[in-house]
Amino acid sequence: MKRIRKLDSLLADKIAAGEVVERPASIVKELVENAIDAFASVIRVEADEGGISLVRVMDDGLGIVREDRETAFERHATSKIQSDRDLFRIRSLGFRGEALPSIASVSELQMTTTAAGEDGETLLYRDGILMERKPAAPRRGTDISVQKLFHRTPARLKHLKSVLTEAGHISDVINRMALAHPEIRFDLYHNGKKQFSSPGDGRLLNVMRHVYGPRTAAAMKEFHAQNADFEIRGCAALPEHARAGRSYMTVIMNGRFVKSPIVTRAILDGYQSLLPIGRYPIICIHITLNPSLIDVNVHPSKLEVRLSKEPELSTFIKEEIRKLWSEARLIPEMKQKP
Ligand code: ADP
Ligand code: MG
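Bear in mind that the values here come from a model prediction, so they are computed numbers and not experimental data.

### Structural notes on the nonpolar core
Ranked by internal contacts, the top residues of the largest apolar core, which has 81 residues, are Val28, Val32, Val57, Ile103, Ile267, Ile283 and Ile285. By residue number, the principal contributor to this core is helix 5 (residues 163-180), which donates eight residues. Two domains each donate at least three residues to this core, and these are domain 1 (9-197) and domain 2 (204-327). Once residues lying within four places of it in the same chain are set aside, the contact partners of Val32 are Ile43, Val45, Val57 and Met177.

### Details of the confidence of the model for the protein chain
Averaged over every residue, the pLDDT of the protein chain is 93; the share at 70 or more is 98%. Predicted complex metrics record ipTM = 0.99 and pTM = 0.94.

### Quick notes on the pairing of strand 7 (residues 185-190)
Burial along strand 7 is one-sided: Phe186, Leu188 and His190 are buried, and none of Arg185, Asp187 and Tyr189, which face the opposite way, are. Pairing of strand 1 (residues 42-48) with strand 7 involves six bridges; the strand directions are parallel. Bridged to Ile43 within strand 7 is Phe186. As paired strands, strand 7 and strand 8 (residues 193-197) are joined by four bridges and run antiparallel to one another. Within the sheet, the bridge partner assigned to Asp187 lies in strand 8 and is Ser197. Between strand 7 and the antiparallel strand that follows it, strand 8, lie two residues; Asn191 among them carries a positive phi value of about 50°.

### Some details on the environment of Arg185
Structurally, the position occupied by Arg185 is in strand 7. Between the C-alpha atoms of Arg185 and Asp201, which are 16 residues apart in sequence, the distance is 7.6 Å. Those residues in contact with Arg185, other than ones at most four positions away along the chain, are Ser41, Val42, Ser198, Pro199 and Gly200.

### Description of helix 2 (residues 24-37)
In this model helix 2 runs 20 Å from its N-terminal to its C-terminal C-alpha over 14 residues, within 8% of the 20 Å that 1.5 Å per residue would give. Judged by how many residues are buried, helix 2 sits mostly within the fold: 14 of 14 residues are covered. Phi turns positive, to about 65°, at Phe39, one or two residues after helix 2.

### Topic: the sheet that holds strand 12 (residues 256-258)
An order of 9-10-13-11-12 is seen for the five strands of this open sheet, with the pairing classed as mixed. Strand pairing shows two members of the sheet lacking a second neighbour, strand 9 (220-226) and strand 12, which therefore form its edges. Strand-to-strand twist across the sheet, computed as the mean angle between neighbouring axes with direction ignored, equals 20°. Across three bridges, the pairing between strand 11 (residues 249-253) and strand 12 is antiparallel.

Thresholds, definitions, all that
- Residues numbered from 1 in each chain as written.
- Chains lettered and ligands numbered in written order.
- Predicted model: local features only at pLDDT ≥ 70, side-chain atom pairs only at ≥ 80, totals over all residues.
- Core = buried A, V, L, I, M, F, W, Y, C linked by C-beta atoms within 7 Å.
- Buried ≥ 20, exposed ≤ 12 C-beta atoms within 10 Å, placed from the backbone.
- Helix = DSSP H or I, 4+ residues; strand = E, 2+ residues; numbered from the N terminus.
- Domains from an automatic or database assignment.
- Contact = placed C-beta atoms within 7 Å.
- pLDDT = per-residue confidence, 0-100.
- Pairing = 2+ DSSP bridges.
- Expected span 1.5 Å × (residues − 1).
- Axes fitted to C-alpha atoms, helices over the stretch in contact; angles between N-to-C directions.

Structure, rendered in structure tokens:
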């Protein structure tokens, strides 16, 4: 056996990149999450050839101050948490400090950023190594371009699917981000052509209209309810607009898109017998809860969460959805059991 040695940081970044950067859409997700965490109000995403030749995310957020720009590309470097106590009250989308070093380690990355009261600056990274820092015209926020993705790992590059498939994944990410953040305006361009735009007026129904079309949006009912632990808010389509897959059910917890079988089940139970067998509703539900009730640190993708008070949340959602349809006289009003 050889002696045990610590990996150098660049190699560690490349290994971590395997988890963080699966495909161009994962880069879009990470960069957009950073833009949201920087309080952007307009986020513009450009992708060329399914994001394989270019992913670019521009925001009008806080920018990164001069002294922090290189630190941002170091592993486990984050401005979002400081102590282990912070882990149990996470309000930001990021906190692992892995995205920028991981993405930079498998691509050519250019970042131009301007923080309040500072000049603009461009940093160029190639395969994780800083090549250049140069002054740039000040422009509020941050603009990151990622090119030559996986050019040093041909096996990974080959693993990517067609341009159409990769572009589809990017669209999915942006749709979810827009549904999660109706207060932010999103614009998505693919090969220079506008693919999607959300108004950013704070109304979920208006995002639904842009994602699913005006006819579906016209068949939506909005709901809102709150108890001591949870606030739920959303739009649900009438049962006759049900679709063949579960992918039209969007669950957002504290501004984060998550996969939650428990919430999905509760929604379906709320629709009761109104859905034909094998059909699922078009719905987007925002759940706001105290961050201490939710553990997002389950997997690097942060798609899975663990909840305390699961049964309570489940019952609350089910009852609210059921009420929606009984008010619409689709389900006969039932007497509450004592
Ligand atoms: P994390 O988001 O988990 O903190 P990242 O590697 O994604 O880790 O980003 C590292 C740090 O760089 C962030 O904590 C943040 O301070 C800064 N940063 C990254 N992207 C942006 C952005 N678009 N605007 C402002 N700051 C950013
Ligand atoms: Mg991040």
